[in-house]
Amino acid sequence: MVEVPAVPVSPLDAAEAVGRAQQSKGYWQRVRTRLRQDKVTLAMAAVLALLLVMVIFAPYFTLHDPYDGSVLRRLKPVGTPGYWLGTDEVGRDLWSRMLYGGRLSLLAGVVPVASALLIGGFLGTLAGYSGGLVNSAVMRLADVLYAFPSVLLAIAITGILGSGLRNTIIALTAAFVPPIIRISESVTTQARHLDFVEAARASGAGVLMIIRYHILNNVLGPILVYATSLISISIILSAGLSFLGLGVTPPHPEWGLMLNSLRQALWVDPVICAMPGVMIFITSMCFNLLSDGLRQAMDVRL
Amino acid sequence: MWVYIFRRLLYAVPILLGVSLLVFALIHLAPGDVVDMLVPPEVPREVADLLRRRFALDQPLHIQYLAWLGRLLVGDLGISFFTNRPVADELFSALQNTLMLALPAALLGFALGVTLGALAAFNRGTWLDKLFAATAITGVSLPHYWVGIVLVSVFAVIFNALPAQGMGPPGFPASWEQIKPLILPVVTLSLIPMGVISRLVRANVLEMLSHEFVGALHAKGLLSRRVLYHVMKNAAPSALAVMGLQFGYLLAGSILVETVFNWPGSGGLMNLAIFRRDIPVLSATILVLATIFVVINILVDVLQALIDPRMRR
Amino acid sequence: MSAATTSHPLLRVDRLTKHFPVRGGLPGRRQVVQAVDDVSFEVWAGETLGIVGESGCGKSTTARLLMHLVRPDSGTIAFDGKTLGSAMSRRDLHRQMQMVFQDSYSSLNPRLPAAVSIAFGPLVHGVAKPAALGRAADLLQAVGLDPVVFANRYPHELSGGQRQRINVARALALEPRLVILDEAVSALDKSIEAQVLNLLLDLKDRFDLTYVFISHDLNVVRFISDRVMVMYLGKVVELGPVNWIYRQPRHPYTRALLSAMPSMNPRRRTMAAPLFGDPPNPINPPSGCRFRTRCPYAEAICAALQPELAEMPGEDGRAIACHIHRPGSGHSRATQAGLAA
């Protein structure tokens, strides 16, 4: 029988070895390191952060009250002194409207996705891990919601239940829950049959331990990436709902709403109309690029 | 295989039932008494009660649901609160108008998408591909209804070349007068399918190109054109499937574009119904559109099963 | 063998049975795969029991039944005298018995570093995180991997042999007494396989372990086992000390299996195909003896009656399930001498 050479380890090395093992970096720390090296993603994050600051602290960045309108000042063009982006059709400062509007737009973008993540992630993981009847029930529910294109579902809920920010958030959450259920269920089901989950069960682990150590870290990656790209869709959709008059109601500023009301001014000043759209575009793009960067950082194989 | 198809069709029934339940629930969760929305408050009680009975609003909920479902199945979609005409008539003509937009948009989106995707895949790594990647991500971040507005402002306002809104003379678009108002909305609608398809085709073609059998084909001395044919043939089924789904989205989710262009399609009808709180029209339209979407989904699944035996789960 | 044999076996399996329903098809025509049928055997402390057989014979299912990852339809498992279910809980069983799986890659969570994968078992049983990771470092060293280098590596950064060592370390983390190795070296290159096998032998001595070694590779099983159990279509056909089985196989299936082994000896060239036909369908096994459709000595009695696994008279510790070796069974060759060697 051949002797397996023991790895010669001096007492100092042994201590270091144990120390290294004890500091075993989790998967998420690795992701963070990789993210820190990705220039594009960092740039996007910076832009978003800047936007967030400007929007939250809007009073400090604007000169005028976004609700203060005067017919005398209506539709002033870009570059008017004091109103550098011009005014809207009721005479309100466009720059203020855009910044304050950002609050509602971002809120309507992020909150539905966060709620859908919680609800959908929980239901999907539960369905994937339980299998059987629970799985069928959850997936059938998801299928019924899936039968509607997201726009239609959102319109159904807000159109019938009424407009406003609260219903918009509910509607968009309902639209986003099914795909998240699908992703987390599929990942969980696959992982559940892999040997390492069996090995974990063979170690005597209960359901919670297995989910915490073995399922979550495999599920969170894909759904986080998906959720970030969902935020961009959510912003576009919520603006669309306001555009239809189903979301935020006047006189509150919100990008989609502004897009609609400025449409009437299309024949007078076509440029003004475009601006809220530009904001939507930039924000959405930032989230999309962020999502791509996240996906690359989370890919275990790279 | 037929078992699969049969099972798939059978499975649609509970889905559609679920959809109808959802719409029904939404209607009854709506704030306010339905009748009060119809008539002014001065109206005597007897009239209000009569209306209530007419719309079966005094029965217990499950009876109402079954009655409503029964009416739906025979094609009675209700009467509009506003115009007092059967919803089915208005909806049918509105759907035709939407189809006038959806069909060309689907074809355009598909054609452009396949071309762009294939071009990008075959020219991988070059500036063309990078341009494609940039366009793709831009496309996904743009609100398409905003693009519609921009197109209107450019072509209608600045250049005054195309109409800003409305549908031209009715009937099958044959004359220039009929086609002119179609152009901008169709282009706007085609953007999303084009983006989705081009990304898919590019990924599929790239995957095909990396397969060994393509190398074998090259080694056999086949011309690039033959390779192209083989590659496209393999990439086709999933592209077609996705296109089918996109067509469903176009039919059911056209409301935003129709609002921008004031197009009297199903989206425009919904818009009007929302504005007037015309619940029968709104709920019936939503239901019909969702049903169409489910049907298209099933058709796509069945077609896929017929074409590609591997796709059956 | 270093451990003293005690009065009862470390592991005793009695009439273990597991049938799997077959998916698909219309209800009413449901069929079952008889994966493991009425299997009984014992494992004594300190030995290595090898389990061999073709694919589909039920080896892996047996392993999973032993680990209680799959619930048996009937039969009992007793560890160290205590029956699972009554005297011993599943959790206790898992502390005593662990398993190393075949696919080294899928048995490790791709998102956990090696040390955490190893430490998971102790963590589950209440060991504090620093202590668990410390134990992981010790085990890494024991399996021949430098903890300074390997503790933080991810599965995709390791070779197949290294991953399998990690799997072994993980199995040892709970300090079990018995380790089941389910095709643990089958997927490795030959040279690596030799290293891991030697490692396993070394660990067995060091930690006083008992092994159940499952493989389809007859050479490897011969190298590492003390006793061998041969399975066919869910049943045990022969069981005995390794040298006797390999030098004097008695069951017709064992004989065929062994004569199919390629040999370096030109004098032992295989001339005729030892087995004919395809393995029958485990959904519809043949009546009576399951091997009879491929057995050159099959007779009427073989179709009528299933042979029980019985001790060979005069050969202690050896059991065979074959009518030829049961005097009075009705088989024409069932004499005292049995089959000529």
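Residues numbered from 1 in each chain as written. Chains lettered and ligands numbered in written order. Predicted model: local features only at pLDDT ≥ 70, side-chain atom pairs only at ≥ 80, totals over all residues.

1. Comments concerning the overall build of chain C
- Along its length, chain C carries 11 helices and 12 strands.
- Computed over C-alpha atoms, the radius of gyration of chain C comes to 21 Å, within 12% of the 20 Å expected from 2.2 N^0.38 for 341 residues, which places it in the range of a compact globule.
- Summarising its shape, the C-alpha atoms of chain C cover approximately 65 × 55 × 45 Å along the three principal directions.
- Contacts in chain C between residues at least 24 apart in sequence constitute 63% of all its contacts with a sequence separation of at least 6. (Helix = DSSP H or I, 4+ residues; strand = E, 2+ residues; numbered from the N terminus. Rg over C-alpha atoms; globule rule 2.2 N^0.38 Å. Contact = placed C-beta atoms within 7 Å.)

2. So, the overall build of chain B
- Within chain B one finds 13 helices and zero strands.
- In chain B, the order of α-helices and β-strands from amino to carboxyl end is α-α-α-α-α-α-α-α-α-α-α-α-α.
- For chain B, long-range pairs separated by at least 24 residues make up 71% of all intrachain contacts whose partners lie at least 6 apart in sequence.

3. Describing the pairing of strand β3 (residues 48–52) of chain C
Residues and elements named next belong to chain C.
- Within β3, five of the five residues are buried, which leaves the element mostly enclosed by the surrounding structure.
- Here β3 shows a buried face lined by Thr 48, Gly 50 and Val 52 and a second buried face lined by Leu 49 and Ile 51.
- The pairing of β3 with strand β8 (residues 210–214) spans four bridges and is parallel. By the bridge assignment, Ile 51 is partnered in β8 with Ile 214.
- Bridging between β3 and strand β9 (residues 227–232) involves four bridges; their strand directions are parallel. Each residue of the ladder has a partner; that of Leu 49, found in β9, is Arg 227. (Buried ≥ 20, exposed ≤ 12 C-beta atoms within 10 Å, placed from the backbone. Pairing = 2+ DSSP bridges.)

4. As for the interface of chain B and chain A
- Listed as interface residues are 42 residues of chain B and, on the opposing side, 37 residues of chain A.
- When contributions to the side of chain B that touches chain A are tallied by element, the ones reaching two or more residues are α1 (2–29), α6 (127–141), α7 (144–158), α10 (224–252), α11 (255–260), α12 (266–276) and α13 (279–307) of chain B.
- Considering every element that reaches the side of chain B that touches chain A, the biggest residue donor is α1(B), with nine residues.
- Along the lines of polarity and charge, the residues of the side of chain B that touches chain A split into 34 nonpolar, eight polar and no charged. (Nonpolar A, V, L, I, M, F, W, Y, C, P; charged D, E, K, R; others polar.)

5. Points about the confidence of the model for chain C
- Scored by pLDDT, chain C has a mean of 84; 90% of the residues are at 70 or more.
- Across chain C, the element-wise mean pLDDT spans from 82 in strand β11 (residues 310–311) of chain C up to 94 in β8(C). (pLDDT = per-residue confidence, 0-100.)

6. Describing the pairing of β8(C)
All names here are of chain C.
- Here β8 lies mainly inside the structure; five of its five residues are buried.
- Burial along β8 is two-sided: Thr 210, Val 212 and Ile 214 and Tyr 211 and Phe 213, pointing in opposite directions, are all buried.
- Relative to β8, strand β7 (residues 178–182) runs parallel, the two being bridged by five bridges. Note on β8: the bridge partner recorded for Leu 178 is Thr 210.

7. Side note on the nonpolar core
- Counting residues in each nonpolar core, the largest one holds 254 residues, and the members touching the most others are A:Leu152, A:Ala154, B:Ala290, C:Ala119, C:Ala136 and C:Ala169.
- Broken down by element, the residue count for this core peaks at 19 residues, all from helix α10 (residues 207–243) of chain A.
- With sequence-adjacent residues up to four places away left out, C:Ala169 is seen in contact with C:Ile118, C:Leu139, C:Leu140, C:Ala142 and C:Val143. (Core = buried A, V, L, I, M, F, W, Y, C linked by C-beta atoms within 7 Å.)

8. Observations regarding unusual backbone geometry
- Even without a glycine there, the phi angle at B:Asn262 is positive, about 55°.
- Along the chain, the position of B:Asn262 falls in the loop between α11 and α12.
- Residue classification places B:Asn262 among the partly exposed residues on the basis of 15 C-beta atoms within 10 Å.
- The backbone of C:Arg15 sits at a positive phi, close to 50°, despite the residue not being glycine.
- As for its placement among the helices and strands, C:Arg15 is situated in strand β1 (residues 11–21).

9. With respect to the environment of A:Pro270
- Counting through the fold element by element, A:Pro270 comes out in helix α12 (residues 270–298).
- Note on A:Pro270: 18 C-beta atoms within 10 Å, which makes it partly exposed.
- With near-sequence residues (within four places) excluded, A:Pro270 lies in contact with B:Ser153, B:Val157 and B:Ile158.

10. What about the sheet that holds strand β10 (residues 235–241) of chain C?
- Spatially, eight strands are ordered β6-β7-β8-β3-β9-β10-β12-β11 (chain C) in an open sheet, and the strand pairing comes out mixed. At either margin of the open sheet sits one strand with a lone partner, and together these are β6 (97–100) and β11 of chain C.

11. Regarding α7(B)
- Between the first and last C-alpha of α7(B) there are 20 Å, a value that for 15 residues agrees with the 21 Å anticipated at 1.5 Å per step.
- If you check which residues of α7(B) are buried, you get B:Tyr145, B:Trp146, B:Val147, B:Gly148, B:Ile149, B:Val152 and B:Ser153.
- Against α10, α11 (255–263) and α12 of chain A together with α8 (176–209) and α11 of chain B lie the buried residues of α7(B).
- Directly after α7(B), the chain includes B:Asn160, whose backbone phi takes a positive value near 55°. (Expected span 1.5 Å × (residues − 1).)

12. A word on the sheet that holds strand β4 (residues 74–79) of chain C
Residues and elements named next belong to chain C.
- In spatial order, the strands read β2-β1-β4-β5; together these four strands make up an open sheet with antiparallel pairing. Either end of the sheet is taken by a strand with one partner, and the two such strands are β2 (32–43) and β5 (82–83).
- Two elements, β1 and β4, share five bridges in a ladder whose sense is antiparallel. Paired with Thr 17 across the bridge in β4 is Ser 74.

13. Description of the packing of helix α6 (residues 132–146) of chain A against α1(B)
- Viewed as axis vectors pointing N to C, α6(A) and α1(B) meet at an angle of 65°, and their least axial separation amounts to 9 Å. When the axes of α6(A) and α1(B) are compared, the pair comes out roughly perpendicular. The handedness of the crossing between α6(A) and α1(B) comes out as right-handed. Between α6(A), through A:Arg140, A:Asp143 and A:Val144, and α1(B), the contact on the second element is made entirely by B:Pro14, B:Ile15, B:Gly18, B:Val19 and B:Leu22. (Axes fitted to C-alpha atoms, helices over the stretch in contact; angles between N-to-C directions. Parallel < 35°, antiparallel > 145°, perpendicular 65-115°, else oblique. Left-handed = near helix turned anticlockwise from the far one by under 90°.)

14. Looking at the environment of B:Ser254
- Within the secondary structure, B:Ser254 sits in the loop between α10 and α11.
- Residues within four places of B:Ser254 in sequence aside, it is in contact with B:Thr98, B:Leu101, B:Ala102, B:Leu189, B:Gly265, B:Ser266 and B:Gly267.

15. Considering α12(A)
- The terminal C-alpha atoms of α12(A) lie 43 Å apart, and with 29 residues this matches the ideal 42 Å at 1.5 Å per residue to within 8%.
- Of all the bends in α12(A), the greatest, near 30°, is centred on A:Pro276. (Bend = angle between axes of the 7 residues up to and from the residue.)

16. Considerations on the packing of helix α5 (residues 94–130) of chain A against α10(A)
All names here are of chain A.
- Contact geometry of α5 with α10 gives a least axis separation of 8 Å together with a crossing angle of 145°. Where α5 crosses over α10, the handedness of that crossing is right-handed. Residues Ser 105, Ala 108, Gly 109, Val 110, Pro 112, Val 113, Leu 117, Gly 121, Thr 125 and Tyr 129 of α5 form the contact with α10, whose own contacting residues are Val 207, Ile 211, Ile 215, Val 219, Ile 223, Ala 227, Leu 230, Ile 231, Ser 234, Ile 235, Ser 238 and Ala 239.
- Split by residue class, the contact of α5 with α10 holds 16 nonpolar, six polar and no charged.

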